[in-house]
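Spelled out from the first residue to the last, the chains are:
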Amino acid sequence: MSDATTVDYDGLIPNNVGLNDDARVRRALETWYPGYLDWWRTMGPEGFQDALVYLRTAVGVGAEGWARFGYVKMPEYRWGILLAPQSEGRTIPFGAHKGEPAWQEVPGEYRAMLRRLLVIQGDTEPASVEQQRHLGTTAPSQYDLRNLFQVNVEEGRHLWAMVYLLQKYFGRDGREESEELLRRHSGDPDTPRMLGAFNERTPDWLSFFMFTFFTDRDGKMQLHALAQSGFDPLSRTCRFMLTEEAHHMFVGETGIQRIIQRTCEAMSTAGIDDPTDVERIRALGVIDLPTIQKKANLHFSLTLDLFGSEISTNAANAFNAGLKGRYREDRLTDDHRLRDNTYPVLRLKDGTVAEEDVPALSSLNMRLRDDFVADTEAGIARWNRVLERAGVEYRIRLPHVAFNRRIGEFAAVHADTDGRLLDDAAWQSRKAEMLPTADDYRFVQSLMRPEREPGAYAGWIAPPRAGIDNKPGDFEYVKIAA
Ligand SMILES: [Fe+2]
Ligand SMILES: [Fe+2]
């Protein structure tokens, strides 16, 4: 057996799970590999399959130096299976089995539930690669192009992570589910991905940054909840995935930050004080702040739907079973069983939005969503500091959670971004001020022209503060004519 902190790089599949001594699982994964590569080539980044991309590859799972940077052709990326080190004597941290030794094998009574959790998580990973596959052709710089591909290969690795757990612990069912993960495709009318936001289009780079800021953050929250799992291999898998996930949110947060910064600079140079003077600002070739706000409204509301219904028996069952915990369960100080606790939930009652105390077990989705909102607010505050420093009188803010929902308490009603309920006519007449219109998309699309020169940036986005891996500003992150 290889030690969990060193990674075996000799075989086809880099891993720290002792794949060499596990012929059954190794064969299953090697059998799955060609289909995966085929998926990557047909559904992954369009073009650029032969380009040399300066990517980081995970080479260890320790806190220090877990990644190595170097040029690689994406189809030759070393997608590995990496689990965080096992902690000796770990016990199930919550639910009905709290305090019992953590499971190293699948607990029979929860097999179906666990499989479902893995499949749902696994389905989101390749979905986002599919959603982003056309973006390479319009990247605003080499730096951004490289970041897109970094996110893409890591989402590919996250798929590997879930497929490993399925193949290792679920036998034939796991093999079938692994095939299905390659068969479903984002936006496919017959075999769509499992969750709504992962079937939406990502048509431009503003959408990409919003997606990584909001929707990858849902991923972070789900991974945190699964990292608490009493099923130890899942916990260890998710703990390592979180180290990669942080970069995805960095890409989104700083992407929007740089767009805002560029818009402020252009407004200041042109002597425009009024951020709502959309036409004049657009004429400068930058994205106006009201459009950024509308895109934030859209992506926030789509992402909230991913948390599921506020009141959920499935979530209660998964917690009771010890499979899926709360955000930072290990830092919470209650009894971790939640039999007698309540939690405040926003509900629709007699035509108004009101808070109601609900049994804490039933409202775990709501709680995770609240943690998500708090995490998001911190990022928005950093966007607003750019506006503050530039002296621009505009602030980005999150819409009310009842706004534009398809799932849960507010799915059946219309609400504005302040949470005031609207009738159909009012919704129709006000929609265009709250959500991006066809015209907004056309404008953003008109800016999407590729900038391929090392060190050059499209006119609608500011350069980053620092390069990747401390590289200089004119570093060639992607060698296109390889
Ligand atoms: Fe992921
Ligand atoms: Fe991600």
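Only a predicted model underlies this, so the values are computations on that prediction, with no experimental measurement involved. (Residues numbered from 1 in each chain as written. Chains lettered and ligands numbered in written order. Predicted model: local features only at pLDDT ≥ 70, side-chain atom pairs only at ≥ 80, totals over all residues. Heavy atoms only, no water.)

Undergrad: Is there a simple way to think about the coordination of the iron ion (ligand 2) in this case?
TA: Metal coordination angles have textbook ideals: 109.5 degrees for a tetrahedral set of four donors and 90 or 180 degrees for an octahedral set of six. Donor atoms from the polypeptide that coordinate the iron ion (ligand 2) comprise E155 (OE), D216 (OD), E245 (OE) and H248 (ND1), at 1.9 to 2.2 Å from the metal. All donor residues of the iron ion (ligand 2) come from one chain, and their arrangement in sequence is E-x60-D-x28-E-x2-H. Taken as a pair, the iron ion (ligand 2) and the iron ion (ligand 1) lie 3.5 Å from each other and share E155 as a ligand. Here D216 is found in helix α5 (residues 205-227), whereas its partner E245 is found in helix α6 (residues 232-270), with 29 residues between them in sequence. (Donors = N, O, S within 2.8 Å, 3.2 Å for Na, K, Ca; no water. Helix = DSSP H or I, 4+ residues; strand = E, 2+ residues; numbered from the N terminus.)

Undergrad: Any chance you could explain the coordination of the iron ion (ligand 1) here in plain terms?
TA: Every protein donor of the iron ion (ligand 1) is listed here as E125 (OE), E155 (OE) and H158 (ND1), and their distances to the metal cover 2.1 to 2.2 Å. Mapped onto the polypeptide sequence, the residues donating to the iron ion (ligand 1) form the spacing pattern E-x29-E-x2-H. Classification of E125 by relative accessible area gives buried; the value is 4%. (Buried < 20%, exposed > 50% of the residue type's maximum accessible area, 1.4 Å probe, protein only.)

Undergrad: Can you walk me through the environment of A51 in this structure?
TA: Position of A51 relative to the elements: it lies in the loop between α1 (23-43) and β1 (52-58). Residue classification places A51 among the buried positions, given a relative accessible area of 2%. For the pair A51 and K73, spaced 22 residues apart in the sequence, the C-alpha separation amounts to 5.7 Å.

Undergrad: Is there a simple way to explain the packing of aromatic side chains in this structure?
TA: What describes a pair of aromatic rings is the distance from one ring centre to the other and the angle between the planes of the rings. Under the defined criterion, the tally for this structure stands at 31 aromatic pairs. Taken together, the aromatic side chains of W32, Y33, Y36, W39, W40, Y77, W79 and W160 make up a single cluster linked through ring pairs. A cation over a ring is seen here: R217 above F213, with NZ or CZ 4.5 Å from the ring centre. (Phe/Tyr/Trp six-rings, centres within 6.5 Å; stacked < 30°, edge-to-face > 60°. Lys NZ or Arg CZ within 6 Å of the ring centre and 35° of its normal.)

Undergrad: Teacher, can you tell me more about the packing of helix α3 (residues 142-169) against α5 here?
TA: In a pair of packed helices, the angle between the axes and the distance between the axes together describe the arrangement. Viewed as axis vectors pointing N to C, α3 and α5 meet at an angle of 40 degrees, and their least axial separation amounts to 12 Å. Compared by their axis directions, α3 and α5 come out oblique. Judged by the twist between their axes, the crossing of α3 over α5 is left-handed. Of the residues in α5, those in contact with D144, L145, L148 and E155 of α3 are W205, F208, F209 and D216. For the contact of α3 with α5, the class distribution of residues is five nonpolar, no polar and three charged. (Axes fitted to C-alpha atoms, helices over the stretch in contact; angles between N-to-C directions. Parallel < 35°, antiparallel > 145°, perpendicular 65-115°, else oblique. Left-handed = near helix turned anticlockwise from the far one by under 90°. Contact = heavy atoms within 4.5 Å. Nonpolar A, V, L, I, M, F, W, Y, C, P; charged D, E, K, R; others polar.)

Undergrad: Where do I start with the pairing of strand β4 (residues 352-359) in this structure?
TA: If a strand is regular, its side chains alternate between the two faces of the sheet. Examined bridge by bridge, strand β3 (residues 342-349) and β4 share eight bridges and lie antiparallel to one another. Within β4, the position partnered with T342 by the bridge is P359. Counted between consecutive antiparallel strands, the loop separating β3 from β4 contains two residues, among which D350 sits at a positive phi close to 50 degrees. (Pairing = 2+ DSSP bridges.)

Undergrad: Please explain the nonpolar core as it appears in this structure.
TA: One recurring pattern in soluble globular proteins: nonpolar side chains tend to sit buried together. Y36, F214, I260 and W460 are the most contacted members of the largest nonpolar core, which totals 114 residues. Among the elements that make up this core, the one with the highest residue count is α3 (15 residues). Residues within four places of I260 in sequence aside, it is in contact with L289, I292, W383, V386, L387 and I396. (Core = buried A, V, L, I, M, F, W, Y, C linked by side-chain atoms within 4.5 Å.)

Undergrad: Would you mind showing me how to read unusual backbone geometry here?
TA: As a rule of thumb, non-glycine residues mostly have phi less than zero, and peptide bonds are mostly trans rather than cis. Of note in this structure, D350 is not a glycine but carries a positive phi near 50 degrees. The class of D350 is exposed, set by a relative accessible area of 78%.

Undergrad: Honestly, the packing of helix α8 (residues 289-305) against helix α10 (residues 364-390) in this entry has me stumped. Any pointers?
TA: Viewed as axis vectors pointing N to C, α8 and α10 meet at an angle of 170 degrees, and their least axial separation amounts to 12 Å. The orientation of α8 with respect to α10, classified from their angle, is roughly antiparallel. α8 and α10 meet at a crossing whose hand is right-handed. Of α10, the residues touching α8 (which contributes L289, F300, T303 and L304) are R369, F372, V373 and L387. Across the contact of α8 with α10, the residue classes break down as six nonpolar, one polar and one charged.

Undergrad: Explanation requested: the sheet that holds strand β7 (residues 478-479) in the structure shown.
TA: Pairing between sheet strands relies on hydrogen bonds along the backbone, with the strands arranged either parallel or antiparallel. Spatially, β2-β1-β7 is the arrangement adopted by the three strands of the open sheet, whose pairing is antiparallel. Where the open sheet ends on each side, the last strands, each with one partner, are β2 (67-73) and β7. Of the strand pairs in this sheet, β1 and β7 are connected by two bridges, and their pairing is antiparallel. Bridging from a neighbouring strand, L52 pairs with K479 of β7. Running at roughly 45 degrees to β1, α3 makes contact with β1, β2 and β7 of the sheet.

Undergrad: Can you help me understand α10 in this one?
TA: Every α-helix carries 3.6 residues per turn, so stepping three or four residues along brings you back to the same face. Over its 27 residues, α10 runs 40 Å from end to end, which matches the ideal 39 Å to within 8%, given 1.5 Å per residue. Note on α10: the residue one or two positions beyond its end, G391, has a positive phi of about 70 degrees. (Expected span 1.5 Å × (residues − 1).)

Undergrad: What should I look at first to understand the environment of R258 in this one?
TA: Following the sequence through the fold, R258 ends up in helix α6. Owing to a relative accessible area of 5%, R258 belongs among the buried residues under this scheme. Residues R258 and D375, 117 residues apart in the sequence, show an inter-C-alpha distance of 20 Å. Excluding residues that lie within four positions of it along the chain, R258 makes contacts with Y143, D144, Y457, I461, A462, P463 and P464.

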